[in-house]
Amino acid sequence: MKVCVSSSGNSVESTMDPRFGRAAYFVIADTDTMESEIIENTAAASGGGAGITSGQLMVDKGVEAIITGNVGPNAMNVLKAANIEIYRGESVSVKENIDKFKKGLLEKITNTVPSHFGIGVQGGQK
Amino acid sequence: MKQVVFISGKGGTGKSTLVSSLSILVQDKMLADCDVDAPNLHILLKGKVLKKDDFFGAKEAIIDSSTCIRCGLCRKTCRFGAINEEFEVNPMKCEGCGACTLVCPQEAIVLEEVKTGETYVSDTSRGTFSHALLDIGAEGSGKLVTEVRKNIYNNKKDEKWVLIDGSPGIGCVVIASITGADAVVAVSEPTKSGLSDLERVLGVARHFGIPAFVCINKYDLNPEVTSQIESFCESNGFPVIGRIPFDPSIVEALQEFKTPIEAGNSNVTNEIAGIWMRLVDELDKLKAN
Amino acid sequence: MRIAVLSGKGGTGKTTVSASLAVSVPFCQYIDCDVEEPNGAIFLTPEIQESIPVKVPVPEADMAKCSACGYCAKACQFHAIAVVKGKVLVFPEICHHCGACVIACLNDAIREVERTIGVVEVNGDGTFLQGKLNVGEPVSIPIIRELRKRMKKDVPVILDCSPGASCAVVQSIEGCDYCVLVTEPTPFGLHDLKIAVRLVRKMGIPFGIVLNKASDSSRLIHDFCRDEGIELLMEIPFSQEIAESYSKGVLPAQNDDFWKEKFEKLYEKIERGAGK
C-alpha cells in the first residue's frame with residue numbers, strides 16, 4: 001500500500017510535519033517494500049492553494065493513505081473526492097509513523113481540521 | 001512550538017512595537033516578520049543576516065518579438081490589460097496566469113519565474129529571526145509570507161514559541177500569516193476606524209478557526225470606544241488580554257530606536273509583561289479543554 | 001486631476017489627510033481604495049444610496065461535456081482547480097478570474113459563472129465611493145478596478161489607498177497626476193516611506209510628503225526630504241488633541257478654519273507639483 005507522510009525534513013528519519021498543505025516535504029512509501037520517494041513540497045499560492053496542489057499531487061502519485069497532523073478544508077475536499085484515507089500521525093519520525101500505521105495504531109481523520117476549535121467560537125460572528 | 005501571530009486590521013496600532021517589546025521579555029522563542037510589504041521588526045532587532053535568498057514568487061509572460069506576428073490574440077485574451085500595443089508585457093499588471101500563452105498561434109509567449117523579493121534568516125540577541133522583503137509593487141506577497149513561515153520551521157532549534165509580526169488588512173497576506181497558527185493577538189486602538197477594522201480582522205481569525213485575543217493600545221484615548229471594543233469582545237468570546245495607555249514617551253523612545261522596555265518605562269513594561277502572562281494562561285486553559 | 005494618498009506604513013494618517021482634502025477641496029470626489037479596511041466613511045459620513053456587488057467570473061465544469069483530461073487544472077497557475085477521479089473541483093476563493101481554464105478546455109466544457117467578492121458603495125451624487133472586500137476573500141484587485149471605473153473626469157479625484165506598496169497600491173495609483181505620501185517621524189515611518197518613494201518613482205508620478213505626528217525632537221523625515229530633494233508639503237503636529245478628536249471620528253479640518261486653510265494650501269501645492 002502506498003502511503004504518504006508529511007515531513008519536516010528530507011528523510012524517513014525526519015519528524016512528521018503536522019501540516020499537510022504546507023508541509024516542508026512529503027515522504028511517499030510503499031508499506032510492503034518500504035521503498036520511499038521524497039518530494040519537496042513546492043506547493044504554494046497566495047493565501048490558499050497549497051492544500052489543493054498537495055492533494056492533487058497525492059492523487060497523481062497514486063497515494064492511498066496519508067499520515068499527517070492537520071488537513072485544511074481545501075485539501076480535505078480533494079482527498080475525499082479521491083477516496084484517499086487520512087490518518088492522524090504523531091510527532092515522531094516518518095518511519096515510526098509508518099510502523100504505527102502498519103500496526104493499526106493511528107487514528108483515522110474524517111472531518112476537516114481545524115475548522116472550529118477553541119473558545120467561544122459559537123459566538124455571533126462567523 | 002507554538003506560533004503566536006500579532007495582527008491588526010488597521011495599520012499603525014503598535015503591533016511591531018509590542019512584538020519587539022515582547023522579544024525582550026519572552027524567553028526561548030524565535031521571531032518572524034510576515035509584514036513583507038513593509039517589514040519593520042528588523043529595525044529594532046538589529047540582527048545580523050545569516051542567510052539571504054532570492055525569492056521567485058510570481059510568473060510573468062515574456063513575448064519573443066522575433067516570432068510574434070502581432071496578431072493581437074494575446075491582447076484580446078488578457079483580462080488584466082497587461083499587454084500594450086507594441087506587444088510588450090507590463091510586469092506590474094501581468095498576473096502570470098498564462099492565458100496568453102495558450103492562445104498564441106506562434107507559441108511566442110512563455111511564462112517565466114521572476115524574482116519578487118528576498119528572504120532573510122537573521123541572528124539577533126533575542127533569537128533567530130525570519131523575515132523578508134517584497135519587491136516594490138510585486139505580486140505574490142502571500143506566497144512570500146508562506147516562505148517566511150517555512151524558514152521558521154527550517155531554522156528552529158527547540159524553541160518553545162514563535163512571535164510573528166503579521167501585516168495589516170484582512171486579505172491574502174493576513175490569511176497566509178495566520179493559517180495554522182496557535183493563536184492570534186489583534187492589536188487595536190480605540191478609534192472609530194479601529195473598532196470596525198478589529199471586527200473584520202477577528203472575523204478572519206474566526207473564519208480560519210484560530211483562537212484570537214485582543215489587546216487595546218492607547219486605551220485611554222477614547223474611553224467610550226474602549227468600552228465598545230470591550231463589550232464587543234465580551235459578547236463574541238474574544239478575551240481582552242491587555243490595555244496599554246497612550247504615552248508620548250513610547251514614540252520618543254522609538255525615535256531613538258528603542259522599545260519602551262529598553263527606555264525604562266516601567267508602567268508600559270508591566271502592562272506588556274501582563275499581556276504575555278494572560279496569553280499563556282488563556283492558551284493553557286484552551287489546552288485543558 | 002487625480003491625487004492618490006498613500007503611505008508605506010499603516011496608521012500614519014492617510015485617511016486623515018485624504019478625508020481632510022475631501023472636505024477642503026470644493027466639488028471633489030473621494031474614493032476609498034483601501035478595500036480591506038475602508039475608513040473614510042467614518043469621517044465623511046456619506047449617505048450611501050447605492051451598493052453595487054462586485055462580481056468576478058469563476059469556472060464551472062459541465063460534466064456532460066467534460067472528459068476529465070485535467071488540462072484546466074494544469075493551465076491554472078493559481079492551483080484553483082483539481083481534477084480527481086473524473087471530478088472537477090473548483091476552489092473559487094483562489095481563482096484569479098483569468099479565463100485560462102476556459103481556453104485550455106478541449107471540450108468546451110467550462111463556462112464562467114458570477115461570484116460576489118465584495119461591494120462598491122456610492123453616495124447620492126457620486127462624490128463618495130468606497131469598496132469593501134468580503135471577509136475571507138484574498139483577492140482585492142477587482143474591487144479597486146470597479147472603483148476606478150467610476151472616477152469622475154472633470155473634478156479633482158482623491159484616492160485613499162491601502163497601506164504598503166503591494167499590487168493593490170499599484171492598481172490604485174496608476175494614471176494618477178500626483179501622489180501624496182503620508183509618514184510619521186519614527187524609524188518605522190521612515191523605512192516604509194522609502195519603500196513608497198521607490199514605488200512612485202518607479203511609476204513616474206510626481207509626489208510630495210506630508211509629515212504627520214511631527215514633533216520638535218525629530219528631524220528624521222526633514223533630513224530625508226532634504227537629502228532626496230523631495231518637497232515636504234505639510235506638517236501636522238503630534239498632539240493628544242488631534243488624536244482624541246480623530247478617535248471620535250472628527251477631522252482637524254472639519255471644525256477648525258486654521259486646518260481647513262492649511263489643507264486648501266496643501267491642495268494648491270499639489271496642483272503646482274502636478275504641473276496642472
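Everything numeric here is computed off the predicted structure, so don't read it as measured data. Residue numbers here run from 1 along each chain, matching the order of that chain's written sequence. The naming scheme follows written order: chains are lettered A onward, ligands numbered 1 onward. With the structure being a predicted model, the display of local features is reserved for residues of pLDDT at least 70 and the display and counting of side-chain atom pairs for 80 or more, all residues being used for whole-chain, interface and lining totals. In computing side-chain properties, one takes all heavy atoms of the structure into account and sets aside hydrogens as well as water.

### With respect to the overall build of chain A
Here is step 1: Helix and strand definitions follow DSSP, with helices as H or I runs of at least four residues and strands as E runs of at least two, each counted in order from the N terminus. From N to C terminus, chain A includes three helices and six strands.
Here is step 2: Counting from the amino terminus, chain A carries its helices and strands in the arrangement β-β-β-α-β-α-β-α-β.
Here is step 3: With 126 residues in all, chain A has 51% of them scored as buried.
Here is step 4: Should any heavy atoms of two residues lie within 4.5 Å, those residues are counted as being in contact. Summarising the internal contacts of chain A: among those between residues at least 6 apart in sequence, 50% fall at separations of at least 24. Burial classification: accessible surface area is computed with a 1.4 Å probe over protein chains only, and a residue below 20% of its type maximum counts as buried, one above 50% as exposed, and the rest as partly exposed.

### Topic: the interface of chain C and chain B
Here is step 1: Contacts between the two partners involve 59 residues from chain C, matched on the other side by 57 residues from chain B.
Here is step 2: What gets called buried area is simply the loss in accessible area from a 1.4 Å probe that two parts show on being joined, summed for both. Taking both partners together, chain C and chain B bury about 4900 Å²; carbon and sulfur atoms supply 62% of that area.
Here is step 3: Salt bridge, as used here: a side-chain nitrogen of Lys or Arg that lies within 4 Å of a carboxyl oxygen of Asp or Glu. Counting every contact that joins chain C to chain B gives three salt bridges.
Here is step 4: Salt-bridge contacts for Glu112 of chain C lead to Arg79 of chain B; the nearest nitrogen and oxygen are separated by 2.7 Å.
Here is step 5: In the analysis that follows, any N or O atom pair within 3.5 Å is treated as a polar contact, provided that within protein one partner can donate a hydrogen and the other can accept it, and provided that, for residues neighboring in sequence, both atoms belong to side chains. At the junction of chain C and chain B, the tally comes to 19 residue pairs in polar contact (both at pLDDT 80 or more).
Here is step 6: Secondary structure elements with two or more residues in the side of chain C that touches chain B: helix H4 (100-104), strand E7 (128-133), helix H6 (167-173), helix H7 (187-202) and helix H9 (240-247) of chain C.

### Considering the interface of chain C and chain A
Here is step 1: Listed by partner, the interface residues are 14 residues for chain C and 15 residues for chain A.
Here is step 2: Here chain C meets chain A over a buried area of about 1100 Å², counting both sides, of which 64% is carbon and sulfur.
Here is step 3: Our count for the chain C to chain A interface comes out at zero salt bridges.
Here is step 4: Joining chain C to chain A, the criterion identifies four residue pairs in polar contact (both at pLDDT 80 or more).
Here is step 5: Element by element, the count of residues in the side of chain C that touches chain A is highest for strand E4 (residues 81-84) of chain C, at four residues.
Here is step 6: Three classes are used: nonpolar for Ala, Val, Leu, Ile, Met, Phe, Trp, Tyr, Cys and Pro, charged for Asp, Glu, Lys and Arg, and polar for all others, with Gly counted as polar. Across the side of chain C that touches chain A, the residue classes break down as ten nonpolar, two polar and two charged.

### Some words on the side chain of Ser140 of chain C
Residues and elements named next belong to chain C.
Here is step 1: By secondary structure assignment, the location of Ser140 is in the loop between E7 and helix H5 (141-149).
Here is step 2: Take Ser140: its relative accessible area is 8%, and that puts it in the buried class.
Here is step 3: With near-sequence residues (within four places) excluded, Ser140 lies in contact with Val35, Leu133 and Ala168.

### What about unusual backbone geometry?
Residue and element names in this part refer to chain C.
Here is step 1: Positioned with a positive phi, Phe27 is a non-glycine residue whose angle comes to about 60°.
Here is step 2: A relative accessible area of 74% means that Phe27 is categorised as exposed.
Here is step 3: Within the chain, His79 stands out as a residue other than glycine whose phi angle is a positive 55°.
Here is step 4: Here His79 is to be found in the loop between helix H3 (71-75) and E4.
Here is step 5: Assessed through its relative accessible area of 25%, His79 is described here as partly exposed.

### Comments concerning helix H1 (residues 14-24) of chain C
Here is step 1: In terms of burial, H1 of chain C is a largely internal element, ten of the eleven residues being buried.
Here is step 2: Of the positions making up H1 of chain C, those classed as buried are Lys14, Thr15, Thr16, Val17, Ser18, Ala19, Ser20, Leu21, Ala22 and Ser24 of chain C.

### Things to note about the sheet that holds strand E3 (residues 48-61) of chain C
All names here are of chain C.
Here is step 1: With mixed pairing, the nine strands of this open sheet are ordered in space as E3-E6-E7-E2-E8-E1-E9-E10-E11. Strands at the two margins of the open sheet, each flanked by one partner only, are E3 and strand E11 (232-237). Taken pair by pair, the neighbouring strands of this sheet meet at an average axis angle of 20°, ignoring direction.
Here is step 2: Pairing geometry for E3 and strand E6 (residues 110-123), over 13 bridges, is antiparallel. From the neighbouring strand, Glu50 faces E6, where its bridge partner is Val122.
Here is step 3: Under this scheme, a helix contributes an axis fitted over its contacting stretch, all axes are lines through C-alpha atoms, and angles between N-to-C directions fall in the 0 to 180 degree range. The strands touched by H7 are strand E1 (2-6), strand E9 (178-183) and strand E10 (207-214); relative to E9, the strand with the most contacts, the crossing angle is about 170°. Pairing between strands is defined by DSSP: at least two bridges between them are needed.

### Details of the nonpolar core
One recurring pattern in soluble globular proteins is that nonpolar side chains are buried together.
Here is step 1: By size, the foremost hydrophobic cluster in this structure holds 97 residues, and its most contacted members are Met58 and Ile66 of chain A together with Leu6, Ile173, Cys179 and Leu181 of chain C.
Here is step 2: No other element matches the seven residues that H7 of chain C contributes to this core.
Here is step 3: Beyond its immediate chain neighbours, meaning those up to four positions away, Cys179 of chain C contacts Ala4, Leu6, Ile173, Val200, Ile205, Pro206, Phe207 and Gly208 of chain C. We define a nonpolar core as any set of buried Ala, Val, Leu, Ile, Met, Phe, Trp, Tyr and Cys residues linked to one another through side-chain atoms lying within 4.5 Å.

### Concerning the domain arrangement of chain B
Here is step 1: Throughout, the edges of the domains are those of an automatic or database domain assignment. Partitioning chain B into domains gives domain 1 (2-55 + 117-288) and domain 2 (65-107).
Here is step 2: Using only C-alpha atoms to locate each centre, domain 1 of chain B and domain 2 of chain B end up separated by 41 Å.

### Thoughts on the pattern of salt bridges
Residues and elements named next belong to chain C.
Here is step 1: For the coordinates displayed, the defined rule picks out 32 salt bridges over all chains.
Here is step 2: Here Arg111 makes a salt bridge to Glu60, at a shortest N to O gap of 3.0 Å. Residue Arg111 is located in strand E6, and its partner Glu60 is located in strand E3; the two are separated by 51 residues in the primary sequence.

### Structural notes on the packing of aromatic side chains
Here is step 1: Working definition: a ring pair exists when centres of Phe, Tyr or Trp rings (six-membered ring for Trp) sit within 6.5 Å. Plane angles under 30 degrees give stacked, over 60 give edge-to-face, the rest tilted. Scanning all chains against the criterion turns up nine aromatic pairs over all chains.
Here is step 2: On the numbers, 5.5 Å between centres and 20° between planes, the contact of Tyr30 of chain C with Phe128 of chain C is stacked. Of this pair, Tyr30 of chain C sits in strand E2 (residues 29-32) while Phe128 of chain C sits in strand E7, and the two are 98 residues apart along the sequence. Assigned by exposure class, Tyr30 of chain C and Phe128 of chain C land together as buried.
Here is step 3: Joined through ring pairs, the aromatic side chains of Phe258, Trp259 and Phe263 of chain C make up one cluster.
Here is step 4: When the NZ atom of lysine or the CZ atom of arginine is within 6 Å of a ring's centre and also within 35 degrees of its normal, the charge is said to sit over that ring. One cation-aromatic arrangement involves Arg19 of chain A over Tyr153 of chain B; the distance from NZ or CZ to the ring centre is 3.9 Å.

### What about the environment of Leu195 of chain B?
Residue and element names in this part refer to chain B.
Here is step 1: Topologically, Leu195 is positioned in helix H7 (residues 192-207).
Here is step 2: We classify Leu195 as buried; its relative accessible area is 12%.
Here is step 3: Along the primary structure Leu195 and Thr226 are separated by 31 residues, whereas in three dimensions their C-alpha atoms are 8.7 Å apart.
Here is step 4: Apart from the residues within four sequence positions on either side, Leu195 is in contact with Glu189, Val225, Gln228 and Ile229.

### Describing the confidence of the model for chain B
Here is step 1: Note: pLDDT gives the predictor's confidence per residue, expressed from 0 to 100. The pLDDT averaged across chain B works out to 92; a share of 100% of its residues lies at or above 70.
Here is step 2: Interface scoring of the predicted complex returns ipTM 0.83; its pTM is 0.84.

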